[in-house]
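# Examination of the molecular architecture
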Amino acid sequence: MATRKTSGTPEETRLDEHVDAPSTTAPGDGPADTTDPDERATSATPDKGAAAQAGHGTVNAVRPLPKRQAAARKGKDRTETYTATRPDGTEVTVERNIETGESSVQGS
């Protein structure tokens, strides 16, 4: 049975391996949240008995999956370009890479 190694409030939320206590999360995050964009979760069977004996009212029911291997992209990235207006009224050009989601703003 895996047990939690630390107590207290973390600054970042990561998925926990243990299933016999509540997950540890940063303030404002939910039990299956994570601040790591590459982290993936899967459902797990919680050990409710161990959690109850330890005095926990809730228990972690997700575990992290192995991180995906980044596949090498082939070919040229697709991009879109459009104009947008800043709050101060200045018109700028925005270029967004459709493949990666990255955006850049040209113009001041």
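To start, this report covers the structure provided alongside it. (Residues numbered from 1 in each chain as written. Predicted model: local features only at pLDDT ≥ 70, side-chain atom pairs only at ≥ 80, totals over all residues. Heavy atoms only, no water.)

### Considering the overall build of the protein chain
The following threshold applies: What counts as a helix is a DSSP run of H or I of at least four residues, what counts as a strand is a run of E of at least two, and both are numbered from the N terminus. Note on exposure labels: buried denotes an accessible area under 20% of the residue type's maximum, exposed denotes more than 50%, and partly exposed covers the range between, all computed with a 1.4 Å probe on protein chains only. Only heavy atoms enter the contact rule, under which two residues are in contact if any of them lie within 4.5 Å. Under the convention used here, a 1.4 Å probe and the Shrake-Rupley method define accessible areas, while residue burial counts only the protein chains that appear.
Looking only at helices and strands, the protein chain features one helix and five strands. From first element to last, N terminus to C terminus, the protein chain shows the α and β order β-α-β-β-β-β. Counting only residues that meet the buried cut, the protein chain has 19% of its 108 residues in that class. If you take every contact in the protein chain between residues at least 6 apart in sequence, the share linking residues at least 24 apart comes to 33%. Only carbon and sulfur atoms are counted for the fraction: they give 47% of the accessible area of the protein chain, which is about 8,000 Å².

### Here's the deal with the sheet that holds strand β4 (residues 91-97)
We apply this condition: Think of it this way: DSSP has to see at least two bridges between two strands before they count as a pair. Note on geometry: axes are lines fitted to C-alpha atoms, helical ones only across the stretch in contact, with angles between N-to-C directions running from 0 to 180 degrees.
Spatially, β3-β4-β5 is the arrangement adopted by the three strands of the open sheet, whose pairing is antiparallel. Each edge of the open sheet carries a strand with a single partner, namely β3 (79-85) and β5 (103-106). Direction aside, neighbouring strands of the sheet carry axes that sit 25 degrees apart on average. Looking at chain direction, β4 and β5 are connected through four bridges and run antiparallel. Within β5, the position partnered with glutamate 95 by the bridge is serine 104.

### What to know about the pattern of salt bridges
Short version of the rule: What makes a salt bridge here is a side-chain nitrogen of Lys or Arg within 4 Å of a carboxyl oxygen of Asp or Glu, nothing more.
Overall, the coordinates contain two salt bridges when judged by the stated rule. Of the charged contacts, one joins arginine 78 and glutamate 99 as a salt bridge, the two residues approaching to 2.5 Å between their closest N and O atoms. Here the residue arginine 78 occupies a position in the loop between β2 (62-65) and β3, and glutamate 99 occupies one in the loop between β4 and β5, the gap between them amounting to 21 residues. Take glutamate 99: its relative accessible area is 34%, and that puts it in the partly exposed class. Close ionic contact of glutamate 80 with arginine 96 constitutes a salt bridge, the shortest N to O distance being 2.8 Å. Note that glutamate 80 is positioned in strand β3 and arginine 96 in strand β4, a separation of 16 residues in sequence.

### Examining the pairing of β4
In this structure, β3 lies alongside β4, joined through seven bridges in antiparallel fashion. Counted as the bridge partner of threonine 81 is glutamate 95 from β4. Hairpin connection of β3 to β4: five residues between the antiparallel strands, including glycine 89 at a positive phi of 95 degrees. Connecting the antiparallel pair β4 and β5 is a turn made up of five residues, with glycine 101 showing a positive phi of about 85 degrees.

### Here we look at the environment of arginine 68
Locating arginine 68 in the fold gives a position in the loop between β2 and β3. Using a relative accessible area of 65% as the deciding quantity, one classes arginine 68 as exposed. For the pair arginine 68 and glutamate 39, spaced 29 residues apart in sequence, the C-alpha separation works out to 8.5 Å.

### Quick look at the environment of arginine 96
Our working rule: In protein, a polar contact means a hydrogen-donor-capable atom and an acceptor-capable atom, both N or O and within 3.5 Å, with residues adjacent in sequence counting only if both atoms are side-chain atoms; elsewhere, any N or O pair within 3.5 Å suffices.
A relative accessible area of 27% places arginine 96 in the partly exposed class. Every residue in contact with arginine 96, bar those within four places of it in the chain, is listed here: Arg78, Thr79, Glu80, Gly101, Glu102 and Ser103. In terms of polar contacts, arginine 96 uses its side chain to reach the side chain of glutamate 80, at 2.8 Å.

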